[in-house]
Amino acid sequence: MRSKGAAAWNWSLDTARPGRHIALHAVVLGGLVVAFVSRLALMPLLEDQAPYLFFVPVVLLAAGVGGFGPGILATGLSVPLVFLLIGKFVAFGWPEIINGAVFALIGLGATWIGERLRLARQQATTREAHLRAIIDTVPEATVVIDERGIIQSYSATAERMFGYTAAETVGRNVKLLMPSPYREEHDGYIKRYLESGKRDPIGAGRAIAGQRKDGSTFPIELAVGELWSGSHRFFAGFIRDLTERQETEARLQALQSELVHVSRLSAMGEMASAIAHELNQPLSAVTNYLKGSQRLLSGSDSQQMAVVRDGLDRAAGQALRAGQIIRRLRDFVGRGESEKRIESMTKLIEEAAALALVGAKEKGVRVSFDLDPHVELVVADKVQVQQVLVNLMRNAIEAMEECNKRELTICTKPADEGMIAVQVDDTGAGISEDMALKLFQPFSTTKPHGMGVGLSISRTIVEAHGGQIEGMPRPGGGSTFRFTLPVVREDEPFDA
Ligand code: ADP
């Protein structure tokens, strides 16, 4: 079935090129004329000896190159031409007829074999053309190299990606397409692989850099497969250009950090009146101390001076406190580049609590901390982790608004595999049933004025730090939110 289909396909290919068909027949006729004239010229010498010999090459060539049509033409014309040549020397009898028939049979046999060869050749050419078309249309560039790293084949996509043409690359070392340090290391990669059979680093899909003809480099993902052709081993590299993907990722990241910023602003917006209230206290204290000091200064003796100094000290202390709150608020609301440093978890929590808990005391919330000194240092973006803490603490306070018991506990303890777990417990209403499944989905909220992005952003931040976050009911009522971060051991070097 298959070969029949292939034959029909080839036939249509042949008829699609009638020019070549006619030319082949013309060449066969030319060859027969040459054979006939040469044999005729040698007639006085050879007489009727082996008259078919001169026609054998023509028949073989016609059959081998042209297949059926030219083969039959060559065989069919050779027999009468030989009869014509030897007619003068012999009277026709059975021997001549048998000789002619045997030659015709051999010629037909050669033609049949030639036709099979021609079909096989055409199928191979068609298959190769199909394969090439496929390789040239897939979005990955395909580069095949041998065991020495010499490029054997180089697809059209590769031409577009690297700027080299196939003619410029085939026969050269594949290092041409790599920047340093891959360029220097590549021979070693192949050698190591050939010796040890270890698949790393070629084989696994991985992101590295490629180098274009103009010298510019770009990010690529490379997957390498091994193929055997007879006893020869080749490596096929499939290369994807990651430039566009990285640009999209950068855009996404920018958008995400913008969203993170906006949500911080909105959280602060909600807290603005509480903050104003909180600032009012120290600032009016400053005013009172200063006024008192003024009064004392008006009738000054040395004893009174000491009291005045103390009063002024206190005023300064209160003013500092007010300044600190404002500074933290500014840091928190500021856009700030995302950067990770080694931070003290205790300090992070204390500072975040100072912001999140403004107004909590007035609402009757009792806050307690239980911070484990054994897990202390983390690599974190301070503002972002504080944002998570502020979100969790504000949610906890809001969840306890309608409850009689209002206890908020923040504790840290070691978790699995070098992580620290930070846990925020409240004795609030607990996570509602329909919320439990979509806690961390953006825009899911049960609050009338809630945006529903706090927890989803917290998850983004925690996961970007290599940790996990979860929310669950607290035994005894309320909720527990817990997130993990990788801790840094004191002796561990840190690469920012
Ligand atoms: P928002 O606070 O704007 O609603 P979040 O993403 O921070 O957005 O929270 C989503 C929802 O998760 C809240 O509306 C609330 O129903 C629930 N939730 C969060 N924290 C708690 C908590 N401590 N106790 C009970 N429910 C909570």
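Along each chain, the written sequence defines residue order, and numbers are assigned to residues from 1. Where totals are concerned, whole chains, interfaces and linings use all residues; where local detail is concerned, this predicted model gives features only for residues with pLDDT of at least 70, and gives and counts side-chain atom pairs only at 80 or more. By convention in this description, side-chain values take in all heavy atoms of the structure and omit both hydrogens and water.

## Some points on the nonpolar core
In this text, buried Ala, Val, Leu, Ile, Met, Phe, Trp, Tyr and Cys residues form a nonpolar core when linked through side-chain atoms within 4.5 Å. Each residue gets one of three labels from its accessible area relative to the maximum for its type: buried under 20%, exposed over 50%, partly exposed in between, using a 1.4 Å probe on protein chains only. Met345, Val385, Leu389, Leu392, Met393, Leu408 and Phe483 are the most contacted members of the largest nonpolar core, which totals 49 residues. Numbered from the N terminus, helices here are DSSP runs of H or I no shorter than four residues, and strands are runs of E no shorter than two. With eight residues, helix α13 (residues 382-399) is the single largest residue contributor to this core. Throughout, a residue-residue contact means that at least one pair of heavy atoms, one from each residue, lies within 4.5 Å. Apart from the residues within four sequence positions on either side, Leu408 is in contact with Leu357, Val365, Arg366, Val367, Ser368, Ala396, Ile397, Met400, Val424 and Asp425. Within the second largest apolar cluster, 22 residues are counted, among which are Leu177, Ile208, Phe218 and Val224.

## Describing the site of the ligand
Around the ligand there are 20 residues in total, and Thr445, Thr446, Lys447, Gly452 and Leu455 lie nearest to it. Take Thr446: an N or O atom from its side chain is 2.5 Å from an oxygen atom of the ligand. Within 3.5 Å is the distance limit for a polar contact, defined as a pair of N or O atoms, with the added protein rule that one can donate a hydrogen and the other accept it, and that residues adjacent in sequence qualify only through two side-chain atoms. At 3.3 Å, a backbone N or O of Gly454 approaches an oxygen atom of the ligand. To measure how exposed things are, a 1.4 Å probe is used in the Shrake-Rupley method; for residues, cover is taken only from the protein chains shown. Look at the ligand: alone it shows 540 Å² of surface, and the protein chains cover 92% of it. At the level of elements, α13, α15 (454-464) and β12 (479-486) are the ones that each hand at least two residues to the shell around the ligand. Any residue outside Ala, Val, Leu, Ile, Met, Phe, Trp, Tyr, Cys, Pro, Asp, Glu, Lys and Arg is labelled polar, Gly included; the first ten of those are nonpolar and the last four are charged. Across the shell around the ligand, the residue classes tally to nine nonpolar, nine polar and two charged. Each residue is tested against the molecule or strand, and it is near if at least one of its non-hydrogen atoms lies within 4 Å.

## What to know about the side chain of His186
Mapped onto the elements of the fold, His186 is located in helix α9 (residues 182-196). For His186, a relative accessible area of 7% gives the class buried. If we ignore the near neighbours within four places in the chain, the residues touching His186 are Ile145, Val174, Lys175 and Met178.

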